[in-house]
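Chains, contacts and geometry: an overview
Chain by chain, the residues run as shown.
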Amino acid sequence: MIQLEARAYLVKQGDPASSAFLVESGCLEVLLEQPDGEQLIAVLGPGEIVGEMALVDSSPRSASVRARVASTLMPITPGQIDNRLANADPVLRLLLETVLTRFRATLDQVGGRSAHVRARPDTSAIKCAALAQLAMAREFAQAIDGEEIAVHYQPIVDLADGRIVELEALARWHHLTHGPIPPSMFVPVAEANDLSAALAARVLRIVMRDLPLLTAAAEKSGGPVRVAINISGQDLGKPGFIEELGALAGPMTSSVTLELTETALVRSPAAASSLAAARALGFRVAVDDFGAGYASYGYVQTLPVDGLKIDRSFVEGMSESFTSRSIIASMVQLSTALNLETVGEGIETDGDLAALRASGCTLGQGYLFSRPVPFIDTLAFFADWPSSKLFASFSHAQADHEIESAPCFLTA
Ligand code: C2E
Ligand code: CA
Ligand code: CA
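Numbering of residues starts from 1 in every chain and runs along the sequence as written. Written order determines the labels here, with chains lettered from A and ligands numbered from 1. Whole-chain, interface and lining totals are the exception, using all residues; otherwise, since this is a predicted model, local features are given only for residues with pLDDT of at least 70 and side-chain atom pairs are given and counted only at 80 or more. Side-chain measures here rest on the full set of heavy atoms in the structure, leaving out hydrogens and waters.

Looking now at the environment of A383. Note that A383 resides in helix 13 (residues 375–384). It is 8.3 Å that separates the C-alpha atoms of A383 and A218, two residues lying 165 residues apart in sequence. Secondary structure elements are defined from DSSP: runs of H or I of at least 4 residues count as helices, runs of E of at least 2 residues count as strands, and each element is numbered from the N terminus.

The next thing to look at is the coordination of the calcium ion (ligand 2). Note that water is not among the atoms used; donors are N, O and S atoms within 2.8 Å of the metal (3.2 Å for Na, K and Ca), so sites may look incomplete. Only E168 (OE), N230 (OD1), E259 (OE) and D288 (OD) from the protein reach the calcium ion (ligand 2) as donors, at distances of 2.1 to 2.3 Å. If you list the donors of the calcium ion (ligand 2) from N- to C-terminus, the spacing comes out as E-x61-N-x28-E-x28-D. The two metals, the calcium ion (ligand 2) and the calcium ion (ligand 3), are separated by 4.0 Å and share D288 as a common coordinating residue. Separated by 91 residues along the polypeptide, E168 in strand 8 (residues 164–175) and E259 in strand 11 (residues 256–261) bring together distant segments of the chain. In terms of burial, E168 and E259 fall into one category: buried. Buried, partly exposed and exposed residues are distinguished by accessible area as a fraction of the type maximum, computed with a 1.4 Å probe on protein chains only: under 20%, between the cut-offs, and over 50%, respectively.

Further remarks concern unusual backbone geometry. In the Ramachandran plot, R7 falls in the positive-phi region, its phi being about 75° despite a non-glycine side chain. With relative accessibility at 53%, the residue R7 sits in the exposed group. The backbone phi angle of D289 is positive, close to 50°, even though this residue is not glycine.

Quick look at the packing of helix 5 (residues 196–220) against helix 13 now. The geometry of helix 5 relative to helix 13 is characterised by a closest axis approach of 8 Å and an angle of 20° between their N-to-C directions. As judged from the angle between their axes, helix 5 and helix 13 are roughly parallel. As for how helix 5 packs across helix 13, the hand of that crossing is right-handed. Across the interface between the two elements, D210, L213, L214, A217 and A218 of helix 5 pack against F375, T378, L379 and F382 of helix 13. Only the stretch in contact is used when a helix axis is fitted, and all axes are lines through C-alpha atoms; the angle between N-to-C directions ranges over 0 to 180 degrees. For this classification, under 35 degrees means roughly parallel, over 145 means roughly antiparallel, 65 to 115 means roughly perpendicular, and everything else is oblique. Put simply, a crossing is left-handed when the front helix is turned counterclockwise from the back one by less than a right angle, and right-handed when it is turned clockwise. Should any heavy atoms of two residues lie within 4.5 Å, those residues are counted as being in contact.

Let's shift gears to the pairing of strand 3 (residues 20–34). In regular strands, side chains alternate between the two faces of the sheet. With 10 bridges connecting them, strand 3 and strand 6 (residues 64–76) associate as antiparallel partners. Across the sheet, the residue bridging to E29 is R66, located in strand 6. DSSP-based pairing: two strands are paired if at least 2 bridges between them are found. Relative to strand 5 (residues 49–50), strand 3 runs antiparallel, the two being bridged by two bridges. Residue F21 lies in a different strand from strand 5, and its bridge partner there is V50. As consecutive antiparallel partners, strand 3 and strand 4 (residues 37–44) are separated by two residues.

Pasting the structure below:
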């Protein structure tokens, strides 16, 4: 951080240039030094950037910058921009590289600054990645309402008796020529190309088609079942989106949970009002991947939700980690205090199941019970109950493992 007294110079015209500056507070004057004195060409305040040409080339400063009042600034180096560009979406990156290249070419033509041009990375890999992403977006848009999109279901079980209480609906894309494409690839593409709301609608339509048979099968094996679908945070505040889901679910909204990640909720300014609108239509709402984002427990208390899903990074290996058990104990205590349902995600071992049960968590999901499977196999879970593999792994774990619960650190 740079602090300047009033009237002090940040840079002088002709100085070598190695960074730009973001004005944090105060006020700066940009001055052109001319034979007959200084000419004021701009006045900049908080949030504005000065000296940005240093990010484009390494020419000397073309103007002086002076603090009008005491000011603070944050330097921005070309390296920081390069790192951000390297991690950016390929289409955005290609666009920025193109704009920068054209800008430099224009400078060359008008001002002969070519001697100072910074070397730029080879853009051929960026072009390839951008083209691949746009092609995937186009194909996903064409596939979204067709046979290539399916839903697999993963059971969420009651940790007291192993009964399936909910099924998480997870989208699957089986590309006709490329085969299965994982959600970790196509969900970000759907989100970047404004297709995630259409994906949620498609998944809900499939769920509505499957729900009558799932409900009938579940009733025979001892109780009702709900289905959870995943919603992208960016769609939450979209006008009409929640209402569209409500219309698709019709009278079945109370059998459907909308899962939103903690990170998405923190980022969405409309989170609380949209969740309230969803609940007013009868949907249940759950915070997904809880603990993986930056939401404080205080923030979660303000949200109108029905459940928390503890991120699997805490559940994996919890039987061997006192820290994970303590964190989960505090999450469960928060959840209980707020009267929320708690699901532990990513249970893979008998030991983690036992530790989760000992924490007081009431519901669980994970490969130990089942991977996500097609609709037909999901029906079989209920038909085979209680001799199914799912119940067997549950009761086996219950008998073999007893783990003491960790103390809870949450006091307020
Ligand atoms: P998620 O909502 O956290 O879903 C759970 C993911 O964890 C699923 O991966 C599931 O297969 C995986 N999982 C479940 N149990 C275990 C376990 O015991 N161990 C491990 N290692 N993994 C486990 P999947 O199906 O690949 O989905 C990944 C993510 O893609 C989902 O994470 C969700 O964020 C997103 N996604 C899937 N379908 C949709 C959709 O229809 N819409 C949106 N917006 N996102 C979706
Ligand atoms: Ca989820
Ligand atoms: Ca999750």
